[in-house]
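# Observations on the three-dimensional arrangement
Each chain is listed here by its residues.
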Amino acid sequence: QLDSLAGFSAVAVERMHLNREVETVRVVAETESMRSALLSSLSHDLRTPLASIIGSTSSLLTYGRSYSEDVQRDLLKTVLEEAERLNRFVGNLLQMTKLEAGATVPKPQWTDLDDLVGTTLERMEGRLEKVHVALDIPPMLPLFQVDFVLMEHVLMNLIDNAVKYSPVGSTITIRGHAEDGWIVIEITDEGIGIPAEHCARIFDKFFRVYSRDRVVAGTGLGLAICKGIVEGHGGTIEAESDGENGSTFRVRLPVRTPTAADLEGVDAPP
Ligand code: ADP
């Protein structure tokens, strides 16, 4: 009986090894196919704006003199917009690399939500032309501590997405309120929405709901970066949508009561 038990466990161990090997092969194959999908998506995202820049500049160089001032201006505007898109894309790639290497260390400073949102919107001015932006941020919200530049990056990604996935002329609403030791920031759009089953997955790196038909250009990196930065501040980020009538992105950031030492700082609250 002991012999047959030993034989049985040898077979079981053998099978376990085999299963493990099969699993390793599966993971390697999956990683490989992810890597080539990623490379093809990255080259597409780099080439589309580049093709547009090359087309517009060569057209300007060749026929520029015969174009009206308006046409010349439109072509230059395309070049600028596409170059800015490339810049944001490379910025996101760098930010992701830094986050993954643990090289993003937030430098928190006392921040007022009104100021954070106002500064972000000012910096995005040219990108908000096709939508209305409504603000609902009550005065006298508690100050909170965040890395201003990183949090600007989060808001920019969320607002850029709201514009990207919404029709021209729609409204994007940015709300803020305080809730049990948290500052809550909500960005609501009237765009295409997100199917409920994808609301959690969109924060995964490279996940895109409509990647196949490529209706809108993108890399699937922005929200993964937002999540990394927000969680690095002890906060949370979530998406809410019924899949049809727009989406709401909600960021919660912890509020800490300032100590006497904090109040000695330049940005101290009154
Ligand atoms: P990207 O926009 O570059 O694809 P993100 O990480 O910013 O990457 O977003 C991931 C995916 O989440 C998008 O591809 C899109 O499918 C979905 N998404 C993000 N924001 C919105 C939004 N405001 N409305 C609808 N879908 C959105």
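What you are looking at is a predicted structure, and each value in this text was computed from that prediction instead of being measured. (Residues numbered from 1 in each chain as written. Predicted model: local features only at pLDDT ≥ 70, side-chain atom pairs only at ≥ 80, totals over all residues. Heavy atoms only, no water.)

### Considering the confidence of the model for the chain
Averaged over every residue, the pLDDT of the chain is 86; residues scoring 70 or more account for 85%. This model gives residues 265–270 a pLDDT under 50, and the stretch forms eight contacts once residues within four places in sequence are excluded. The complex prediction reports pTM at 0.76, with the ipTM value standing at 0.98. (pLDDT = per-residue confidence, 0-100. Contact = heavy atoms within 4.5 Å.)

### Description of the sheet that holds strand 5 (residues 182–188)
Judged by pairing direction, the sheet is mixed, and its five strands sit side by side in the order 2-4-5-7-6 without closing on themselves. The two strands at the open ends of the sheet, each matched to only one other strand, are strand 2 (132–136) and strand 6 (236–241). Averaged over all neighbouring strand pairs, the angle between strand axes comes to 15°, with direction disregarded. As paired elements, strand 4 (residues 171–179) and strand 5 share seven bridges and run antiparallel to each other. Each residue of the ladder has a partner; that of Arg-175, found in strand 5, is Glu-186. (Pairing = 2+ DSSP bridges. Helix = DSSP H or I, 4+ residues; strand = E, 2+ residues; numbered from the N terminus. Axes fitted to C-alpha atoms, helices over the stretch in contact; angles between N-to-C directions.)

### As for helix 2 (residues 69–100)
For helix 2, which comprises 32 residues, the first-to-last C-alpha distance of 47 Å matches the rise-based estimate of 46 Å (1.5 Å per residue) to within 8%. Immediately downstream of helix 2, the backbone of Gly-102 shows phi near 70°, a positive value. (Expected span 1.5 Å × (residues − 1).)

### Focus on the site of the ligand
Near the ligand there are 20 residues, and of these Asn-161, Tyr-165, Arg-208, Thr-219 and Leu-223 occur at the shortest range. Measuring from an oxygen atom of the ligand, one finds a side-chain N or O atom of Asn-161 at 2.8 Å. Note that an oxygen atom of the ligand is positioned 3.3 Å from one of the backbone N or O atoms of Gly-222. Here the ligand loses 98% of its free accessible area of 530 Å² to cover by the protein chains. Taken together, the elements giving at least two residues each to the shell around the ligand come down to helix 4 (148–164), helix 5 (222–232) and strand 7 (247–254). For the shell around the ligand, the element with the highest residue contribution is helix 4, accounting for three residues. Of the residues assigned to the shell around the ligand, the class counts are ten nonpolar, seven polar and three charged. (Near = heavy atom within 4 Å. Polar contact = N/O pair within 3.5 Å; in protein donor to acceptor, adjacent residues only side chain to side chain. Areas by Shrake-Rupley, 256 points an atom, 1.4 Å probe, with all protein chains shown as cover. Nonpolar A, V, L, I, M, F, W, Y, C, P; charged D, E, K, R; others polar.)

### A word on the nonpolar core
Core analysis: the largest hydrophobic core is formed by 44 residues, its most contacted members being Leu-113 and Leu-158. Look past the residues within four positions of Leu-113 in its chain and what remains in contact with it is Ile-137, Leu-141, Phe-144, Gly-176, Ile-183 and Ile-185. (Core = buried A, V, L, I, M, F, W, Y, C linked by side-chain atoms within 4.5 Å. Buried < 20%, exposed > 50% of the residue type's maximum accessible area, 1.4 Å probe, protein only.)

### Considerations on the packing of aromatic side chains
Within the structure shown, the criterion is met by two aromatic pairs. When the ring of Tyr-63 is compared with that of Tyr-67, the centres are 6.4 Å apart and the planes differ by 50°; the resulting orientation is tilted. (Phe/Tyr/Trp six-rings, centres within 6.5 Å; stacked < 30°, edge-to-face > 60°.)

### What about a nonpolar patch on the surface?
A cluster of nonpolar residues, Leu-46, Leu-50, Ile-54, Val-90 and Leu-94, forms a patch on the protein surface that exposes about 430 Å² of accessible area. For the nonpolar patch, the secondary-structure elements that each account for two or more residues are helix 1 (2–63) and helix 2. For the nonpolar patch, the element with the most residues is helix 1, which contributes three residues. Note that Leu-46 resides in helix 1. Leu-46 gets classed as partly exposed once you look at its relative accessible area, which sits at 34%. (Patch = residues over 30% accessible without salt bridge, like charges linked within 9 Å, V, L, I, M, F, W, Y side chains within 5 Å. Salt bridge = Lys/Arg side-chain N within 4 Å of Asp/Glu carboxyl O.)

### Description of the side chain of Glu-82
With respect to the element layout, Glu-82 can be found in helix 2. Once you skip the residues sitting within four places of it in the chain, Glu-82 turns out to touch Pro-49, Ser-52 and Ile-53.

### Considerations on the environment of Pro-138
Mapping Pro-138 onto the fold places it in the loop between strand 2 and strand 3 (144–146). C-alpha separation for the pair Pro-138 and Asp-204, spaced 66 residues apart in sequence, amounts to 32 Å.

### Here we look at the pairing of strand 5
Taken across its seven residues, strand 5 has six buried, putting it largely inside the fold. Counting the residues that bridge the hairpin from strand 4 to strand 5 gives two residues, and of these Asp-180 lies at a positive phi of roughly 40°. Bridging between strand 5 and strand 7 involves seven bridges; their strand directions are antiparallel. Looking at strand 7, one finds that Trp-182 is bridged to Pro-254.

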